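For reference, the chains in residue letters:
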Amino acid sequence: MNFLSTLIKKRDGLELSAAEIAEAVKGIVLGEVADYQTSALLMAMFLRGMTEQETLALTLSMRDSGETVDLSDLNFEGTPSLDKHSTGGVGDKTTLVVVPLLAAGGVPMLKMSGRGLGHTGGTIDKLASIPGFRTELTVLEAKAQTRKIGAALIAQSDSLVPADKILYALRDATGTIESVPLIASSIMSKKLASGAARILLDVKVGRGAFVESQAEAEKLARVMIRIGNGAGVPTGAVLTSMDEPLGKMIGNALEVKEALHVLTNRAEVEPRFRELCLILASHGFVATGKAKDETEGLQMATALLTSGKAAEKFAEISAAQGGPDTIEKIVASLPNAAVQHPIYANTEGFLHEMDAKVLGLLAMRVGAGRERKEDTIDFAVGIELCGKCGVKIANGEILAILHLTKNDTENRLPELEKAFRDALTIKPTPLLDERPLILLTL
Ligand code: URA
């Protein structure tokens, strides 16, 4: 294999063939290529960009670099399986609502998820805050469970897409994360290897997302849709705002509690989070042929939520995977942080911004997330926001509650409180131009 000639060709801005890309990925995974050469190729791809053909070829080579799962035999009377994927955000616990919702409506939902890294959370960490809930099921076990009760929520196997583990770590270390073709191939190789028959992407846009501008996010979504469709898996996407955190809770057990509040129709649920869950579920029903259009999909999703059927399905999934068997027992089993520390407003006005990235990083600092893969996390800690962008704030009212360990409370409370306040922008005038939640449907 001549990796160097491939690297030089890309450096000079020429298009690589599918065979050259496949050879390069193979060499990288077999350990035949030095990290510095792989890093140089990534930088050339980042700076020169990649054509759609190159991006598709890279995605397919990455998909085929490890184990692949086939879910084509998992369909209920013709309804195919679906994978809902978020490109990563802060407070994004939609999977915990959307999976039982779609499963309650008859869509086979074998969902493989990852752990959180950096300022964004991961579904598997959220589920791990439920005592006893096992996410380390084999694909065979998860398939059997899905056939029986309609859904399974499991950790993505380590043997899926080994190329992405190598490439992502090098991208992280070489400043080559923020590239549309590299993000698209990283995400879509894992989605295609996971085997679902339909893919629904929630592409996050804004300060707490990988992509900040709507134009870039749209480009990313369109590339991923073409990759999915090109690989024979019908793929759709919605672009949704991630300027402020989704919902009011950030942190693993707190987010499970918030998802369960939506599933049980509690009055205090944050409307934008609930709305996003219903919209994603409605797209899922349309994509799998369960609903003829979004209006019908939304009606189905709303009915399944308000009737409590989606909540029952979540409890069924929990029981099947070793967790408590009712929503009440799950809520009661969630860990609570040692200290709940309120933060009070020291001014009055209107809340214009709550920087999702800053708050995601703060949640990570108090122990809810990991900076490095090997870090351990504390399921109980996090941030509970008391308002959302647009609300009027009175001086002295509670802005948020920090759920903290005793150690953080005793040793760095002022620093944590300051970090929280720095994430907020409060102005004397009302907020009139908030970015809508759903920016585009593709
Ligand atoms: N998520 C991924 O899996 N890969 C990326 O490159 C970015 C977000």
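Residues numbered from 1 in each chain as written. Predicted model: local features only at pLDDT ≥ 70, side-chain atom pairs only at ≥ 80, totals over all residues. Heavy atoms only, no water.

**Quick word on the packing of aromatic side chains**
Right, on to step 1. By the definition in use, this model includes 0 aromatic pairs.
Right, on to step 2. Above the face of the Phe273 ring, Lys93 is positioned so that its terminal group lies 5.0 Å from the ring centre. (Phe/Tyr/Trp six-rings, centres within 6.5 Å; stacked < 30°, edge-to-face > 60°. Lys NZ or Arg CZ within 6 Å of the ring centre and 35° of its normal.)

**Quick notes on the domain arrangement of the protein chain**
Right, on to step 1. Domains assigned within the protein chain are domain 1 (3–63), domain 2 (82–331) and domain 3 (339–427).
Right, on to step 2. Here the C-alpha centroids of domain 1 and domain 3 sit 42 Å apart. (Domains from an automatic or database assignment.)

**Here we look at the sheet that holds strand β7 (residues 339–344)**
Right, on to step 1. Strand order in this open sheet of 4 strands is β6-β9-β11-β7, and the pairing throughout is antiparallel. Looking along the sheet, the strands with just one partner apiece sit at the ends: β6 (249–250) and β7.
Right, on to step 2. Here β6 runs beside strand β9 (residues 382–385); their pairing, made up of 2 bridges, is antiparallel. Bridge assignment links Met249 to a residue of β9, and that residue is Glu384. (Pairing = 2+ DSSP bridges. Helix = DSSP H or I, 4+ residues; strand = E, 2+ residues; numbered from the N terminus.)

**So, the site of the ligand**
Right, on to step 1. Around the ligand, the structure places Tyr168, Arg171, Ile183, Ser186, Ile187, Lys190 and Phe210.
Right, on to step 2. The separation between an oxygen atom of the ligand and a polar side-chain atom of Arg171 is 2.9 Å.
Right, on to step 3. Within the contact set of the ligand, a nitrogen atom lies 2.7 Å away from a side-chain nitrogen or oxygen of Ser186.
Right, on to step 4. The set of elements that each furnish at least two residues to the shell around the ligand consists of α8 (162–174) and α9 (180–194).
Right, on to step 5. If you tally residues by element for the shell around the ligand, the top one is α9, at 4 residues.
Right, on to step 6. Here the residues of the shell around the ligand sort into 4 nonpolar, 1 polar and 2 charged. (Near = heavy atom within 4 Å. Polar contact = N/O pair within 3.5 Å; in protein donor to acceptor, adjacent residues only side chain to side chain. Nonpolar A, V, L, I, M, F, W, Y, C, P; charged D, E, K, R; others polar.)

**Quick look at the side chain of Thr146**
Right, on to step 1. Among the secondary structure elements, Thr146 is positioned in helix α7 (residues 139–149).
Right, on to step 2. Look at Thr146 and you get buried, because its relative accessible area is 0%.
Right, on to step 3. If we ignore the near neighbours within four places in the chain, the residues touching Thr146 are Leu74, Phe76, Pro108, Met109, Leu110, Ala151 and Ala152. (Buried < 20%, exposed > 50% of the residue type's maximum accessible area, 1.4 Å probe, protein only. Contact = heavy atoms within 4.5 Å.)

**A closer look at the environment of Gly150**
Right, on to step 1. Residue position: Gly150 is located in the loop between α7 and β3 (151–155).
Right, on to step 2. In this structure the C-alpha to C-alpha distance between Gly150 and Leu74, which are 76 residues apart in sequence, comes to 9.8 Å.
Right, on to step 3. Residue contacts for Gly150: discarding those within four places in its chain leaves Phe76, Ala103, Val107, Pro108, Met109 and Gln145.

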